[in-house]
Amino acid sequence: AETKLAFTTERLIGSYRIGDDWRCVGPLLTPAPPSAPRADRPLVYVCFGTAFKTRPELFKAVIMGLADQPLDVLISAGDGMVGRAERGPLPANVTVRSFVSAREVLSRASVHITHGGCNSVHESLLAGVPMVCLPQDLDQLPLSRNIEILGAGILTEQEPVEIRQAVSFLLSSEKAAQRTRE
């Protein structure tokens, strides 16, 4: 049989069964940029990848959950597909950009809110940033479950209160940060 390559690791796959013809070769990414100095307030980076940036309800749940918290929120929303009217007015602690360099932002972020896509997860892990996972499709749910099992993040519902609680927990948990770095 032909060999198939998976750009992840067995540890991230966890108990998910892949065929004997699959080989995990790790992420196809350059090393993470050096960690940048953290600001006075924690930075929460929010990005739902290419396919899920058109769901205003995702952005609204995050914005509602983190509004007026003692942290800064940077949302990468894509090509303006979720406009201001769709997501509502922004609290003072929330900034929305069409595009940011995920790897650069993660070098100074304290938490990453993500859909749990493979690239986003690997970028977070390489940067040592714990994740709040809001899986949307396909492999994201089992991958997010494994992130939680490994102690590198929390799988949660798309509810403002749950998102706020997950972010708060990760910001106060040195263990989650340590597990993510490992």
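Refer to the preceding data block for the structure.
Residues numbered from 1 in each chain as written. Predicted model: local features only at pLDDT ≥ 70, side-chain atom pairs only at ≥ 80, totals over all residues. Heavy atoms only, no water.

Would you take a moment to explain the overall build of the chain for this structure?
When you go through the chain residue by residue, the secondary structure sums to eight helices and eight strands. The C-alpha radius of gyration computed for the chain amounts to 16 Å, which stays within 12% of the reference 16 Å derived for 182 residues, consistent with globular compactness. The principal-axis extents of the C-alpha atoms in the chain amount to approximately 55 × 35 × 30 Å. When burial is assessed residue by residue, the chain has 47% of its 182 residues classed as buried. For the chain, contacts bridging at least 24 residues in sequence account for 56% of all contacts bridging at least 6. About 9,600 Å² of surface is accessible on the chain, with carbon and sulfur atoms providing 53% of the total. The average position of the 19 basic charges and that of the 20 acidic charges among the side chains of the chain differ by 3 Å. (Helix = DSSP H or I, 4+ residues; strand = E, 2+ residues; numbered from the N terminus. Rg over C-alpha atoms; globule rule 2.2 N^0.38 Å. Buried < 20%, exposed > 50% of the residue type's maximum accessible area, 1.4 Å probe, protein only. Contact = heavy atoms within 4.5 Å. Areas by Shrake-Rupley, 256 points an atom, 1.4 Å probe, with all protein chains shown as cover. Lys, Arg positive; Asp, Glu negative; His and termini not counted. Charge placed at Lys NZ, Arg CZ, Asp CG, Glu CD.)

Please explain the sheet that holds strand β3 (residues 43-47) as it appears in this structure.
For sheets, the rule is that strands pair by backbone hydrogen bonds, running either parallel or antiparallel. Here we have six strands laid out as an open sheet, ordered β5-β4-β3-β6-β7-β8, and parallel in their pairing. Edge strands, defined here as strands with exactly one partner in the open sheet, are β5 (94-97) and β8 (153-155). For this sheet, the mean inter-axis angle between neighbouring strands, taken without regard to orientation, is 15°. As paired strands, strand β6 (residues 111-114) and strand β7 (residues 131-133) are joined by three bridges and run parallel to one another. Its bridge partner lying in β7, histidine 112 is registered against methionine 131. (Pairing = 2+ DSSP bridges. Axes fitted to C-alpha atoms, helices over the stretch in contact; angles between N-to-C directions.)

Teacher, can you tell me more about the environment of proline 160 here?
As for its placement among the helices and strands, proline 160 is situated in helix α7 (residues 160-172). Residues proline 160 and isoleucine 63, 97 residues apart in the sequence, show an inter-C-alpha distance of 7.7 Å. Aside from chain neighbours lying at most four places away, what touches proline 160 is Ala61, Met64 and Gly65.

In this structure, what is going on with the packing of aromatic side chains? I would like to understand it.
Describing an aromatic ring pair means giving the distance of the ring centres and the angle of the ring planes. With the rule as written, the count across this model stands at one aromatic pair. For the ring pair phenylalanine 48 and phenylalanine 59, a centre distance of 5.4 Å and an interplane angle of 70° mean the geometry is edge-to-face. One end of the pair, phenylalanine 48, is in the loop between β3 and α2 (56-66); the other, phenylalanine 59, is in helix α2, and 11 residues separate them in sequence. Accessibility classification places phenylalanine 48 together with phenylalanine 59 in one group, the buried group. (Phe/Tyr/Trp six-rings, centres within 6.5 Å; stacked < 30°, edge-to-face > 60°.)

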